[in-house]
Amino acid sequence: MLPIIKTSDADRIFNLINHLSPTEKTKEVRQLVSEIQKAKKVTDAAMPRKVIQLGSYFEVKLEKQDQVIAMTLVLPKYADLNSFKLSLFSPLGVALIGYKEGDRIEWPLPVGRKIIQILKVKNPEAVPVS
């Protein structure tokens, strides 16, 4: 199962990464680059509606836990966990971008390797990133 990324998001993310200092290029940033490189790239118009992208509201559940995590995926400068805005550069953000509602993915998170089930994805017509 390959992630799906809009070409405009891929361009925006690579532009941001190219301007990071070497110390800002964390393990998660390197993983994100790898995910985007292997992803299927599509035009904005061809992007399926239920795929997590920048600006997506999502609800996920970690296998064997009852808690549902509900957030919006944003660029790092807009991240604010108190407002439920998750950074794309976070371990969970890297894991989720490009995957769709109903997918189950296995990913290494700070709490260990977890299976993440994507329960719901909502993308507004004009996807805001802040």
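How each quantity is defined
- Residues numbered from 1 in each chain as written.
- Predicted model: local features only at pLDDT ≥ 70, side-chain atom pairs only at ≥ 80, totals over all residues.
- Heavy atoms only, no water.
- Helix = DSSP H or I, 4+ residues; strand = E, 2+ residues; numbered from the N terminus.
- Buried < 20%, exposed > 50% of the residue type's maximum accessible area, 1.4 Å probe, protein only.
- Areas by Shrake-Rupley, 256 points an atom, 1.4 Å probe, with all protein chains shown as cover.
- Lys, Arg positive; Asp, Glu negative; His and termini not counted.
- Charge placed at Lys NZ, Arg CZ, Asp CG, Glu CD.
- pLDDT = per-residue confidence, 0-100.
- Axes fitted to C-alpha atoms, helices over the stretch in contact; angles between N-to-C directions.
- Parallel < 35°, antiparallel > 145°, perpendicular 65-115°, else oblique.
- Left-handed = near helix turned anticlockwise from the far one by under 90°.
- Contact = heavy atoms within 4.5 Å.
- Nonpolar A, V, L, I, M, F, W, Y, C, P; charged D, E, K, R; others polar.
- Expected span 1.5 Å × (residues − 1).
- Arc of directions from axis to C-beta.

### With respect to the overall build of the protein
For step 1, the next point in the chain: Counting secondary structure elements, the protein contains three helices and seven strands.
For step 2, the next point in the chain: Across the protein, helices and strands are ordered from the amino to the carboxyl terminus as β-α-α-β-β-β-β-α-β-β.
For step 3, the next point in the chain: Principal-axis analysis of the C-alpha atoms gives the protein an extent of 40 × 35 × 30 Å.
For step 4, the next point in the chain: The burial tally for the protein puts 42% of its 130 residues in the buried class.
For step 5, the next point in the chain: Element-wise, carbon and sulfur atoms account for 52% of the exposed surface of the protein, whose accessible area totals about 7,200 Å².
For step 6, the next point in the chain: With 20 positive and 14 negative side-chain charges, the protein shows a separation of 1 Å between the mean positions of the two kinds.

### Observations regarding the confidence of the model for the protein
For step 1, the next point in the chain: Averaged over the protein, the pLDDT score is 92; the fraction of residues at 70 or greater is 95%.
For step 2, the next point in the chain: The element-level mean pLDDT for the protein is lowest in strand S6 (residues 104-109), coming to 92, with strand S5 (residues 85-87) highest at 97.

### Details of the packing of helix H1 (residues 7-18) against helix H2 (residues 27-38)
For step 1, the next point in the chain: Here H1 crosses H2 at 150 degrees, and the two axes come no closer than 11 Å. Classified by the angle between their axes, H1 and H2 sit roughly antiparallel to one another. The handedness of the crossing between H1 and H2 comes out as left-handed. Across the interface between the two elements, Ala-10, Ile-13, Phe-14 and Ile-17 of H1 pack against Val-29, Leu-32, Val-33, Ile-36 and Gln-37 of H2.
For step 2, the next point in the chain: Taken together, the residues that form the contact of H1 with H2 break down as eight nonpolar, one polar and no charged.

### Considering unusual backbone geometry
For step 1, the next point in the chain: For Lys-64, which is not glycine, the phi dihedral falls at a positive 70 degrees.
For step 2, the next point in the chain: In this fold, Lys-64 is placed in the loop between strand S3 (57-62) and strand S4 (68-74).
For step 3, the next point in the chain: For Lys-64, a relative accessible area of 79% puts it in the exposed group.
For step 4, the next point in the chain: Despite not being glycine, Phe-84 has its phi angle at roughly 60 degrees, a positive value.

### Here's the deal with H2
For step 1, the next point in the chain: For H2, with twelve residues, the first-to-last C-alpha span of 17 Å sits near the 16 Å given by 1.5 Å per residue.
For step 2, the next point in the chain: Among the residues of H2, Glu-28, Val-29, Leu-32, Val-33, Glu-35 and Ile-36 are the ones counted as buried. Seen from one end, H2 has its buried residues packed into an arc of 165 degrees, which puts them on one side. Exposed side of H2, more than 90 degrees from the buried face: Arg-30 and Gln-37 are the residues found there.

### Focus: the environment of Ala-95
For step 1, the next point in the chain: Structurally, the position occupied by Ala-95 is in helix H3 (residues 91-96).
For step 2, the next point in the chain: Note on Ala-95: relative accessible area 0%, which makes it buried.
For step 3, the next point in the chain: When the C-alpha positions of Ala-95 and Lys-6 are compared, they lie 16 Å apart, and in sequence the two are 89 residues distant.
For step 4, the next point in the chain: Once you skip the residues sitting within four places of it in the chain, Ala-95 turns out to touch Ile-105, Trp-107 and Ile-116.

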